[in-house]
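Structural description and commentary
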Amino acid sequence: MKIAVIGATGFVGTALLKELTDRGHEVTAIARHPEKLSVKGPLVHPVAADVLNIQQIADLVKRHDAVVSAYNPGWDDPQIYEHFMAGARAIQEAVRRSGVKRLIVIGGAGSLEVSPGVQLIDTPHFPAAYKAGASGARDYLGELRGEKELEWTYFSPAIFMNHEHSGVRRGHYRLGIDSPVFDAEGKSVLSVEDLAVVIADELERPKHVRMRFTAGY
């Protein structure tokens, strides 16, 4: 397949590039600073772009089989909520304009329900440092659910998917929809390498069109 990855130099984007190209897919790697790409090779086509430039992104992703957005303005951005919403909306509009139908958005775990009617972000122990970014990801999911034209999918990672819990590709996982997937120890964990496996599997065999899903071990 020919896939465009937005946010290709980030933690998630880097893992996606490796998994997709290892499977033989051709990837247009879109980033603010593509010179920072750590995954290179004949299947990787680096492109510098600004997600807020809707027409530029639309032109870049035309004639691709799918677009995967791993866009994140950065957890240290004091305006992460506003910037995430603006970027996510711009990407969605760009994909619409491009004529590509398939859009997968990597969102957050904050909107997953940890008990009936209670989302993770609203629990007392949710880290304050992540609240603004998680709120953006949750609110954008609400908007994306109204999208009628694109064959969109929104992926919420496991609750723990940071550098500490990554580094290993197990190649297996379990799926969930609106609640976290917990392992035998009651933890919701998925490495970034296996997040990339989940997304590559969804691209090759779509099972969650116009819905959100999650995964964990």
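Here goes a summary of the coordinates provided. Starting from 1, residues in each chain are numbered consecutively following that chain's sequence as written. Predicted model: local features are reported for residues with pLDDT of at least 70 only, side-chain atom pairs are reported and counted for 80 or more only, and whole-chain, interface and lining totals are derived from all residues. Think of the side-chain values as coming from all heavy atoms in the structure, minus any hydrogens and water.

1. Section: the pattern of salt bridges
If the charged atoms of two oppositely charged side chains come close together, the side chains can form a pair. Think of a salt bridge as a Lys or Arg side-chain nitrogen and an Asp or Glu carboxyl oxygen that are within 4 Å of each other. Counted under the stated rule, the structure contains 17 salt bridges. Of the charged contacts in the structure, one is a salt bridge between Arg145 and Asp178, with a shortest N-O distance of 3.3 Å. Taken together, the residues span a long stretch of sequence, with Arg145 in the loop between helix 4 (131–144) and strand 8 (151–156) and Asp178 in the loop between strand 9 (174–176) and helix 5 (192–204) at a distance of 33 residues. Overall, Arg145 belongs to the partly exposed group, its relative accessible area being 43%. Bridged by salt links that share partners, the residues Glu19, Arg23, Arg169, Asp201, Glu204 and Arg205 form one connected network. A run of DSSP states H or I qualifies as a helix once it reaches four residues; a run of E qualifies as a strand once it reaches two. Both are numbered from the N-terminal end. Three exposure classes are used, based on accessible area relative to the maximum for each residue type with a 1.4 Å probe and protein chains only: buried under 20%, partly exposed in between, and exposed over 50%.

2. Things to note about the pairing of strand 10 (residues 211–216)
The element strand 10 is largely enclosed, with a buried count of 5 among its 6 residues. A pair of strands counts as paired when DSSP detects no fewer than two bridges linking them. Bridge analysis of strand 8 against strand 10 gives 4 bridges, and the strand direction is parallel. Along strand 10, the bridge assignment pairs Ser156 with Thr214. For strand 9 and strand 10, the ladder comprises 3 bridges, and the chain directions are antiparallel. By the bridge assignment for strand 10, Gly176 is matched with Thr214.

3. Observations concerning the environment of Asp201
Along the chain, the position of Asp201 falls in helix 5. The spacing of Asp201 and Arg97 is 104 residues in sequence and 26 Å in space, taken between C-alpha atoms. Here, residues are in contact when the closest pair of their heavy atoms is within 4.5 Å. Apart from residues no more than four positions distant in its own chain, Asp201 is found in contact with Arg23 and Tyr173.

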